[in-house]
Amino acid sequence: MKQPKVLIVGSINMDMIFYGPHGDEMKPNGCLNFDSIGYYCGGKGANQAMAAAKLGAEAYLVSAVGSDENGRKIRELLRGGNVHLDFISVLDDVQTGLSGIFMMKDGSYIGTNIRGANDRIMPEMVEHALDAEAFDMVLMQMEMPLETVYRTYELATERKIPVILDAGPAMKIPLERLRGIFMVSPNEAETEALTGIAVKDEETALEAAKFIREHACAKYVLLKLGGKGSYLYDGKKGSLYPACKVNFVDTTGAGDTFTTALMIRLCNEDGMETAIRYATAAAGICVSRRGGISSIPDREEIELQIKNMSDQKGEQDEEFKG
Ligand code: ATP
Ligand code: RIB
């Protein structure tokens with residue numbers, strides 16, 4: 001099988017993840033005690049590029065870092081993971097992106113970002129990459145200027161390359177700017193920001209997915225619903241794909257691993273359902289470990305997880321079905 005060549009357009013951050021209390025212990029003006037902190041290379045673009053390379057693709061990342069220690073460390077890690085760095089700008093007058101993530105024991109989290117160099121990921125950088133190589137798919141997120149998001153879509157579409165938008169972080173955007181996109185994939189908070197609909201059950205999942213599909217004219221909408229799994233809408237019907245049962249530790253990068261694994265399997269000509277099961281297995285492993293990049297599984301681990309999932313088959317989340 002041909003090795004897929006994919007372009008990721010998105011952020012690079014140094015993540016500081018605080019591990020601690022339950023979400024309901026959070027009170028305004030109060031002080032929370034956390035158990036520990038971990039420093040991890042991350043950012044949605046870096047997580048996805050590493051995941052793509054680890055899952056067998058030739059991965060290129062368009063991004064930007066400062067000429068500082070964090071930027072150096074992350075580029076070193078990406079290089080070691082076989083991600084092509086040719087389209088990553090190193091800038092002297094701005095710092096590498098930073099993210100502070102407060103990861104609660106119940107799986108909820110608060111993310112805080114200093115976008116830094118990510119605000120300088122420009123459309124020309126994307127154009128340069130698309131002119132230099134022939135890509136099978138483009139995956140992007142929104143932790144960068146929105147003009148770059150819209151322009152990436154236009155540039156890829158001109159070249160007939162399917163685009164997936166991983167719609168994080170949560171914000172309302174004019175989906176019409178992405179008319180005809182191959183797939184939009186938001187998590188629960190991002191879905192609510194895009195549609196105004198809080199997903200509580202299959203009915204509200206369908207309502208939100210329809211909204212996105214109508215406004216973006218997307219071929220597919222794939223909602224990521226944390227521990228409840230994912231929900232695909234293809235314009236005809238909606239289907240829920242339950243998450244695998246794992247010991248949850250840290251969700252950082254779960255969405256990135258999920259969407260990237262899905263893209264790689266689609267590039268390898270898997271059907272949508274098979275690709276979603278593969279992505280579910282990959283993300284399930286990711287949430288059972290700490291950090292983003294550090295928790296991306298390899299292909300052998302995913303195959304093993306898929307076997308475990310078939311054993312769990314049938315035990316769906318009845319509560320969500322409403
Ligand atoms: P992040 O922004 O941290 O990368 P996300 O919020 O975009 O993640 P989620 O919806 O949390 O994405 O998770 C993506 C996928 O990961 C889910 O669709 C599911 O398959 C898997 N997943 C998430 N949480 C759990 C969990 N607690 N147990 C098993 N699988 C999970
Ligand atoms: O999607 C997870 C990523 O979002 C983290 O690595 C963090 O950097 C934030 O950008």
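A brief structural summary. (Residues numbered from 1 in each chain as written. Chains lettered and ligands numbered in written order. Predicted model: local features only at pLDDT ≥ 70, side-chain atom pairs only at ≥ 80, totals over all residues. Heavy atoms only, no water.)

**Some thoughts on the overall build of the protein chain**
- Helix and strand counts for the protein chain stand at 10 helices and 13 strands.
- Its C-alpha atoms give the protein chain a radius of gyration of 18 Å, within 12% of the compact-globule value 20 Å for 322 residues.
- Dimensions along the principal axes, computed over C-alpha positions, put the protein chain at roughly 50 × 50 × 40 Å.
- Scored against the burial criterion, the 322 residues of the protein chain give a buried share of 53%. (Helix = DSSP H or I, 4+ residues; strand = E, 2+ residues; numbered from the N terminus. Rg over C-alpha atoms; globule rule 2.2 N^0.38 Å. Buried < 20%, exposed > 50% of the residue type's maximum accessible area, 1.4 Å probe, protein only.)

**Observations concerning the sheet that holds strand E2 (residues 13–20)**
- Taking strand neighbours across the sheet as the criterion, the 4 strands line up as E3-E2-E6-E7 in an open arrangement whose pairing is mixed. Looking at the sheet topology across the chains shown, the edges are occupied by strand E3 (36–42) and strand E7 (109–114). Across the sheet, the mean angle from the axis of one strand to that of its neighbour is 20°, orientation sign disregarded. (Pairing = 2+ DSSP bridges. Axes fitted to C-alpha atoms, helices over the stretch in contact; angles between N-to-C directions.)

**Describing the packing of aromatic side chains**
- Applying the stated rule across the entire model yields 6 aromatic pairs.
- Seen from their ring centres, Phe18 and Phe34 are 5.8 Å apart, and the 65° between their planes marks the pair as edge-to-face. Residue Phe18 is found in strand E2, and its partner Phe34 is found in the loop between E2 and E3; the two are separated by 16 residues along the sequence.
- Lying over the aromatic face of Tyr278, Arg265 brings its terminal NZ or CZ to 5.1 Å of the ring centre. (Phe/Tyr/Trp six-rings, centres within 6.5 Å; stacked < 30°, edge-to-face > 60°. Lys NZ or Arg CZ within 6 Å of the ring centre and 35° of its normal.)

**Some points on the site of ligand 1**
- If you check the shell around ligand 1, you find 20 residues, and the closest are Asn187, Gly226, Gly229, Thr251 and Gly255.
- Tyr109 is positioned such that a nitrogen or oxygen atom in its side chain is 3.5 Å from an oxygen atom of ligand 1.
- Considering ligand 1 on its own, with 630 Å² of exposed area, one finds that the protein chains cover 90% of that surface.
- Of all the secondary structure elements, the ones that give two or more residues to the shell around ligand 1 are helix H7 (254–267) and helix H8 (272–287).
- It is H7 that contributes the most residues to the shell around ligand 1, 4 residues altogether.
- Along the lines of polarity and charge, the residues of the shell around ligand 1 split into 9 nonpolar, 8 polar and 3 charged. (Near = heavy atom within 4 Å. Polar contact = N/O pair within 3.5 Å; in protein donor to acceptor, adjacent residues only side chain to side chain. Areas by Shrake-Rupley, 256 points an atom, 1.4 Å probe, with all protein chains shown as cover. Nonpolar A, V, L, I, M, F, W, Y, C, P; charged D, E, K, R; others polar.)

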